[in-house]
Amino acid sequence: GLPRDGEEFTAGMLHDVGKLVLDLCFHDRFSEAIALTEAEGIPMREAERRIFDTDHAVVSAWLCQRWHIPDAMVEALRWHHEPERAQVDPVLAALIHLADLFSRVRGHGFGGERTPVVVAETPAWAILCRSRLDLLRTDLAGLTFRLEEEMARHGDMFLGSRS
């Protein structure tokens with residue numbers, strides 16, 4: 001129900017493109033980062049910083065800037081793990097962050113994070129609630145259930161058939 005123009009879909013599709021770049025250009029080192037993440041149970045971006053001295057969010061933003069993607073989206077990609085640092089459009093960064101969390105909880109992708117997340121306690125949720133105060137009354141369990149239904153209904157478009 002947030003008034004957006006559809007950029008959140010594009011940003012969601014592009015937010016981890018930096019992982020693809022790192023894997024394609026530096027496969028052995030990227031594999032080291034994955035192994036480090038699994039061995040130590042640390043977030044992927046922390047392992048990437050140790051191995052590359054940067055992370056996939058920075059690479060995603062850099063690539064999208066070169067593609068002349070709008071600045072607000074580039075910034076949201078850069079800060080999708082820390083949406084509170086976004087200045088131009090923190091709501092977009094928060095939406096990407098929460099979508100990333102919901103996808104991770106559903107078992108899609110790999111970020112290395114294994115700790116439970118309380119959505120209502122995330123900076124991303126606080127950002128969204130500041131933009132729409134009625135979200136404070138949102139039934140997050142119900143929202144999560146509706147998201148599960150939507151992902152199940154439309155997931156085949158991106159993940160292929162599960163039959």
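Since this is a predicted model, take the numbers as computed values, not measurements.

Moving on, we come to the packing of helix α3 (residues 27–40) against helix α4 (residues 44–52). In the contact formed by α3 and α4, the axes pass within 8 Å of each other and the chain directions differ by 130 degrees. Considering the angle they form, α3 stands oblique to α4. Considering how the two elements wind past one another, α3 and α4 form a crossing that is right-handed. Two secondary-structure elements touch here, α3 through R29, F30, E32, A33, I34, L36, T37 and E40 and α4 through M44, A47, E48, R50, I51 and F52. Residues of the contact of α3 with α4, tallied by class, amount to eight nonpolar, one polar and five charged.

Soluble globular proteins tend to pack their nonpolar side chains together in the buried interior. The biggest cluster of nonpolar side chains holds 16 residues, and the ones touching the most others in it are A11, C64, I69, M73, L77, L92 and I96. In this structure, A94, L101, A124 and W125 belong to the second largest nonpolar core, which totals 11 residues.

The tally for this structure, following the rule as stated, stands at five salt bridges. For K19, the salt bridge goes to D16, with nearest N and O atoms at 3.7 Å. No difference in accessibility class separates K19 from D16, as the two residues are buried. Here R50 ties to E40 by a salt bridge, and the two come within 2.9 Å at their closest N and O atoms. Of this pair, R50 sits in helix α4 while E40 sits in helix α3, placing them 10 residues apart in sequence. Several salt bridges converge on common partners, so that one network encompasses E40, E46 and R50.

Calculation notes
- Along each chain, numbering runs from 1 in the same order as the chain's sequence is written.
- Per-residue local features of the predicted model are confined to residues with pLDDT of at least 70, and side-chain atom pairs are confined, for both listing and counting, to 80 or more; whole-chain, interface and lining totals are unaffected and use all residues.
- Excluded from the side-chain calculations are hydrogens and water; all other atoms, namely the structure's heavy atoms, are used.
- Only the stretch in contact is used when a helix axis is fitted, and all axes are lines through C-alpha atoms; the angle between N-to-C directions ranges over 0 to 180 degrees.
- Only DSSP runs of H or I covering at least 4 residues are called helices, and only runs of E covering at least 2 are called strands; the numbering of each starts at the N terminus.
- Roughly parallel means an angle under 35 degrees; roughly antiparallel, over 145; roughly perpendicular, 65 to 115; everything else is oblique.
- By convention the crossing between two helices is left-handed if the near helix lies anticlockwise of the far one by an angle smaller than a right angle, and right-handed if it lies clockwise.
- The criterion used for residue contact is that any of the two residues' heavy atoms lie within 4.5 Å.
- Three categories are distinguished: nonpolar for Ala, Val, Leu, Ile, Met, Phe, Trp, Tyr, Cys and Pro, charged for Asp, Glu, Lys and Arg, and polar for the others, with Gly belonging to the last.
- Take the buried Ala, Val, Leu, Ile, Met, Phe, Trp, Tyr and Cys residues and link them wherever side-chain atoms come within 4.5 Å; each set so joined is a nonpolar core.
- Only protein chains enter the accessibility calculation, which uses a 1.4 Å probe; a residue is then buried when its area is under 20% of its type maximum, exposed when over 50%, and partly exposed in between.
- Should a side-chain nitrogen of Lys or Arg be within 4 Å of a carboxyl oxygen of Asp or Glu, the pair is scored as a salt bridge.

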